[in-house]
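If you want the building blocks of each chain, they are given just below.
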Amino acid sequence: MKLFNSMGQKIEEFKPIHENQVNMYVCGPTVYNYPHIGNARPIVVFDTLKRTFQALGYKVRMVSNYTDVDDKIIKVAKELGVSEKEITEKFIKAYNDDRLALHAMMPDAAPKVTETMNAIIDFIQLLVDKGNAYEVDGDVYFRVNSVEKYGNLSNQQINDLMVGARIDENSKKENPLDFTLWKRTEEGIKWDSPWSIGRPGWHTECVVMINNEFNKEHTIDIHGGGMDLKFPHHENEIAQSRAAFQTSIANYWVHNGMVNIDGEKMSKSLGNVIWAKDMIAKVGGNVLRWLFLSAHYRSPLNINDEAIETAKKELNKVQTSLKQAYVKAGLAGYELNSEVQNEVIKSFMDAMEDDLNTPNAFSALFDEVKVLNQVIRKGEIDFAELNVHVAAIEKMLNVLGIENQRLVLSEEDKELHGKWRTAVKEKDFETADQYRAMLIEKGIL
């Protein structure tokens, strides 16, 4: 398996810390609103990465958090006159509804910030004790200058960042790049701490949750998220981990590209934000997932009507071939099995192992569909051969996370199909059309 590592900006061969085990953490949502399709893309990308590792024989532990403490959550709760917990519980459920509708597996653990508070406070205290953080009037800041290599992940020099930083004359910070670890506040949900009553800064939460969920090893295999998290969020995570544990958290940093709508960045000001739930309701989870995977995960993805129609047609092409194979096998009384011959899916898996190259994997899948169609069209079908290609396509769809159910014909279905064929043969087209409509309704034609 090869992955593009954002730390170093190059494709590297994946070498796990523990043999045949992948420990992966993906930054989860801040739960104050419904997920938009930009939030949904990493769900699909990292679920597909997990499925690929599993197909290669790895055991994968994937953790993804919920940020349920945030100024935006407090603002929405105040506007609606409800508790923050009511807001976060509602949108955690909404996020998971979308996740499942996109056929993504639930994470192996999904910690919440509110349930990790003692560990977060202890971690901040550790950084203060080590001299990497300092308190001013109840706020705690991280000293960026106290660690080396700040800016390495986002490939930026600290001097350039200093020039670009906004300097507030009244700031309590020693350095404009220093970031908040603990915020003193009287507003919204808050906790007591050695410094003040307040709540943590965003960048601290993930470091602590990773440490908690992965047996305090301090280094995991893969840390993932959207490209927009690379700086400052992931850069600040690394700075804290280097200060506390002398590690950069993960050996591989994997980031997915952004989603554009009709060539424009999705934003509230442009009014082009699309909720994932609305798109799923409109086109279905399979089509949206296919659309997400049609472009390489690191590339920007442009969503428009043409891209959606293309995704529908491509997916339909695969599903139609499988359906025809299921019907042929069912009518012949041949029982299909799911045994996959590795050489048949080799080109597909080669593409997936090449930094999750889904466009090339799609090409391999279409090649296999073409072969299956040739087998189906033969006058006398070799069902053992048909089974080989059906099982291969099913395996590919499973790795891509595309939901597929085998069509199993009942005796009634077979009888109906026989009546339709007889009516066509006898040129009783009116009756044939009636039978055909019934078969279409059952999903057989």
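Quick caveat: nothing in here was measured; it's all calculated off a predicted structure.

Trainee: Whenever I open this one, the packing of aromatic side chains confuses me. Can you help?
Mentor: How two aromatic rings sit relative to each other is given by the distance of their centres and the angle of their planes. Summed over the entire model, instances satisfying the criterion amount to 14 aromatic pairs. An aromatic cluster is built from Phe14, Phe53, Tyr58 and Tyr252, whose rings are joined through pairwise contacts. The residue whose ring lies beneath Lys277 is Tyr34, and the NZ or CZ to ring-centre distance is 4.7 Å. Directly above the ring of Phe4 sits Arg298, whose terminal nitrogen or CZ lies 4.1 Å from the centroid.

Trainee: Would you explain the packing of helix 8 (residues 276–283) against helix 9 (residues 285–293) in this entry?
Mentor: Geometry of a packed helix pair, given as the angle between the helix axes and the separation of the axes. One can describe the packing of helix 8 onto helix 9 by two numbers: an axis separation of 7 Å at closest approach and a directional angle of 115°. In terms of their interaxial angle, helix 8 and helix 9 are classed as roughly perpendicular. For the pair formed by helix 8 and helix 9, the contact residues are Ala276, Met279, Ile280 and Val283 on the first element and Gly285, Val287 and Leu288 on the second. Looking at the contact of helix 8 with helix 9 residue by residue, the classes come out as 6 nonpolar, 1 polar and no charged.

Trainee: Quick question: what am I supposed to make of the sheet that holds strand 13 (residues 301–303) here?
Mentor: Think of a sheet as strands paired side by side through backbone hydrogen bonds, with each pair either parallel or antiparallel. The strand order 12-11-13 describes an open sheet built from 3 strands, whose pairing is mixed. Looking at the sheet topology across the chains shown, the edges are occupied by strand 12 (264–265) and strand 13. Direction of pairing for strand 11 (residues 259–261) relative to strand 13: parallel, over a ladder of 3 bridges. By the bridge assignment for strand 13, Asn260 is matched with Asn302.

Trainee: I keep staring at the pattern of salt bridges and nothing clicks. Help me out?
Mentor: Side-chain pairs of opposite charge can arise whenever the charged atoms involved come near each other. What the rule picks out here adds up to 23 salt bridges. Between Lys75 and Glu79 there is a salt bridge; the shortest N-O distance is 2.9 Å. Taken as a pair, Lys75 and Glu79 lie in helix 2 (residues 71–80) at a separation of 4 residues, close to a single helical turn. By relative accessible area, Glu79 is classed as exposed at 55%. Across the salt bridge formed by Glu385 and Lys378, the nearest N and O atoms sit 3.2 Å from each other.

Trainee: Sorry if this is basic, but what is going on with a negative patch on the surface here?
Mentor: Taken together, the side chains of Glu426, Asp428, Glu430 and Asp433 make up a negatively charged region of the molecular surface. Locating Asp433 in the fold gives a position in helix 15 (residues 429–441).

Reading guide: rules and limits
Residues numbered from 1 in each chain as written. Predicted model: local features only at pLDDT ≥ 70, side-chain atom pairs only at ≥ 80, totals over all residues. Heavy atoms only, no water. Phe/Tyr/Trp six-rings, centres within 6.5 Å; stacked < 30°, edge-to-face > 60°. Lys NZ or Arg CZ within 6 Å of the ring centre and 35° of its normal. Axes fitted to C-alpha atoms, helices over the stretch in contact; angles between N-to-C directions. Helix = DSSP H or I, 4+ residues; strand = E, 2+ residues; numbered from the N terminus. Parallel < 35°, antiparallel > 145°, perpendicular 65-115°, else oblique. Contact = heavy atoms within 4.5 Å. Nonpolar A, V, L, I, M, F, W, Y, C, P; charged D, E, K, R; others polar. Pairing = 2+ DSSP bridges. Salt bridge = Lys/Arg side-chain N within 4 Å of Asp/Glu carboxyl O. Buried < 20%, exposed > 50% of the residue type's maximum accessible area, 1.4 Å probe, protein only. Patch = residues over 30% accessible without salt bridge, like charges linked within 9 Å, V, L, I, M, F, W, Y side chains within 5 Å. Areas by Shrake-Rupley, 256 points an atom, 1.4 Å probe, with all protein chains shown as cover. Lys, Arg positive; Asp, Glu negative; His and termini not counted. Charge placed at Lys NZ, Arg CZ, Asp CG, Glu CD.

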